[in-house]
Each structure stands twice: as C-alpha cells, then as structure tokens.
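Breakdown of the fold
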Amino acid sequence: MALAKFVDPLPIPRTLAPALRKNGITYYRVRMKQFTASLHRDLPKTTLWGFESQFPGPTINVRKGETIKVLWENQLPKKHILPVDTSIHGAGRNHPQVRTVVHLHGATVRPGSDGYPEAWFTRGFAKTGHFFKNKVYTYTNNQRSTALWYHDHAMGITRLNVHAGLAGFYFIRDKEENALPLPKGPYEIPLMIADRSFKPDGSLFYPNRPMRSSLKTTTARFTN
Ligand SMILES: [Cu+2]
C-alpha cells in the first residue's frame, strides 16, 4: 500500500544544548532510547530508537576548531526492535543482542573517539566490545565547514540500529561558510533522506531474510 505524499510537515531536528562549557571545551550528553513517534499521518505510531528520543537525532552544531566532548549513553532495552540475523560476523548469539557505538561520519578524530564497530557498549556500559576504550568521545573539529552525520556503528547490526533511528546531523561552521550568501537560521533546512517500510500496525518492516512472496515474484519473472 502506498502512503499519501506530502501530507506531514517536515520535521526539523532541534539543536542539542550543551550540558556544560568549561575551559574552552563544550560537553554534551546524548542518550539512546526507545520511543514512539508518528512518521506519517495515516500510520499508527512507530516504535523507534533515537538519540535523545528523536528521529533524526538532535543536531550538534560546532565551530571549526572548537573541542567538544560527548558522552554517548546506551539506555536501550535488552531486546532489539528488529529481527537480528545471528549468522552475520559479530552478531552471533555469544554477543549481547543490543549493542551500540557512535561514529561521526567524515570527522577527523583520534582512534578512541572514532566509534570502531568493535568498541560497542551495552546499556549502562555493562558489557563492552574488544576495542572499547573510553566512554567520552572527543571531537576537535579541525576541519572546514561541513555537514556531517553521526550514527550507530556496532559490528554486525549497524544497519539495524540505523534503521531503528540512530542517526543525526552534526554541522561544523566556519568564517568561510558565514561569508557565503546561504540561507541562514530558520531558512537553513537540513534534509535527511531515509527509506523505511512499515507494517500496517505502524512498526518498522525489516525482515531478516527475503520474503516468500518476493522470491515467487522473482522466480515467475525468470521462468516466463
Ligand atoms: Cu558513516
């Protein structure tokens, strides 16, 4: 069933407020939580995972050269909201099912803050992957103005965690950008293009194997 297009207002993620500014460093705390949200006028509410209970997550805005420290916290339930394929490397039954680690896509960072897939951690940091080093990540932002995004990166289940909603914007600002005649403030509209399918009850549809009906369709096409 196709959903009606252009019937819901575009959600603009709010800008994340720092927890603290001290000695030239800005501190943030970002919690990953399960929540429900309406993703379309004609669908029941969808259970999602989101940074600060939002999808997309809150936007982090920094200046070039500004050092920020982020405590990424996992406050997710023990069971995944999507089916986990345990045959994939790093997603076997010997791992806790819900694991997260945050990667800032495109950022130049030290290894301990890069969000390696095996630096994952569970709720309350109860269990951690082999590469886990520190709870707080440091971003020095010594890069040109750019639009980055942060997202989950856990080994074997990155696609599921991102599909569940763990992604957000991260903008680096600089003088060069400010000097350009670009839309600013409320006229700057961040756009995240995401593809999601739903079950009639509003829940995310992401099977862990091809569906029978789609296999049949493919077979029919090739035998004709
Ligand atoms: Cu990435």
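Please refer to the structure placed before this passage.
Residues numbered from 1 in each chain as written. Predicted model: local features only at pLDDT ≥ 70, side-chain atom pairs only at ≥ 80, totals over all residues. Heavy atoms only, no water.

Another point: the coordination of the copper ion. Note on the copper ion: its protein donors are His105 (ND1) and His151 (NE2). The metal-donor distances range over 1.8 to 2.1 Å. Of this pair, His105 sits in strand β6 (residues 102-105) while His151 sits in strand β8 (residues 146-152), and the two are 46 residues apart along the sequence. Owing to a relative accessible area of 39%, His105 belongs among the partly exposed residues under this scheme. (Donors = N, O, S within 2.8 Å, 3.2 Å for Na, K, Ca; no water. Helix = DSSP H or I, 4+ residues; strand = E, 2+ residues; numbered from the N terminus. Buried < 20%, exposed > 50% of the residue type's maximum accessible area, 1.4 Å probe, protein only.)

Bringing empty space enclosed by the protein into the picture now. Overall, the coordinates contain one cavity of 30 Å³ or more when judged by the stated rule. Space inside the largest cavity adds up to approximately 70 Å³. Taken together, Pro111, Gly112, Ser113, Gly115, Tyr116, Ala119, Phe131, Phe132, Lys133, Asn134 and Tyr137 make up the lining of the largest cavity. When the residues that make up the lining of the largest cavity are grouped by side-chain class, the tally is six nonpolar, four polar and one charged. (1 Å grid on protein atoms, 1.4 Å probe; cavity = no way out; pocket = protein on both sides within 12 Å on 5 of 7 lines; lining within 4 Å. Points joined across faces, edges and corners; volume = space filled by probe spheres on them. Nonpolar A, V, L, I, M, F, W, Y, C, P; charged D, E, K, R; others polar.)

Moving on to the packing of aromatic side chains. What the rule picks out here adds up to 10 aromatic pairs. Between Trp72 and Tyr150, the aromatic rings sit 5.1 Å apart at their centres with planes inclined by 45°, giving tilted as the arrangement. Of this pair, Trp72 sits in strand β5 (residues 67-74) while Tyr150 sits in strand β8, and the two are 78 residues apart along the sequence. Aromatic side chains Tyr137 and Tyr139 sit 6.4 Å apart centroid to centroid with 65° between the ring planes, which places their arrangement in the edge-to-face category. Under the relative-accessibility criterion, Tyr137 is labelled buried at 3%. Each member of the aromatic cluster is reached from another via a ring pair, and the members are Phe51, Trp72 and Tyr150. Arg99 extends its terminal NZ or CZ atom over the ring of Trp120, reaching a point 5.7 Å from the ring centre. (Phe/Tyr/Trp six-rings, centres within 6.5 Å; stacked < 30°, edge-to-face > 60°. Lys NZ or Arg CZ within 6 Å of the ring centre and 35° of its normal.)

Note that all results are geometric; they support no functional claim without further evidence.
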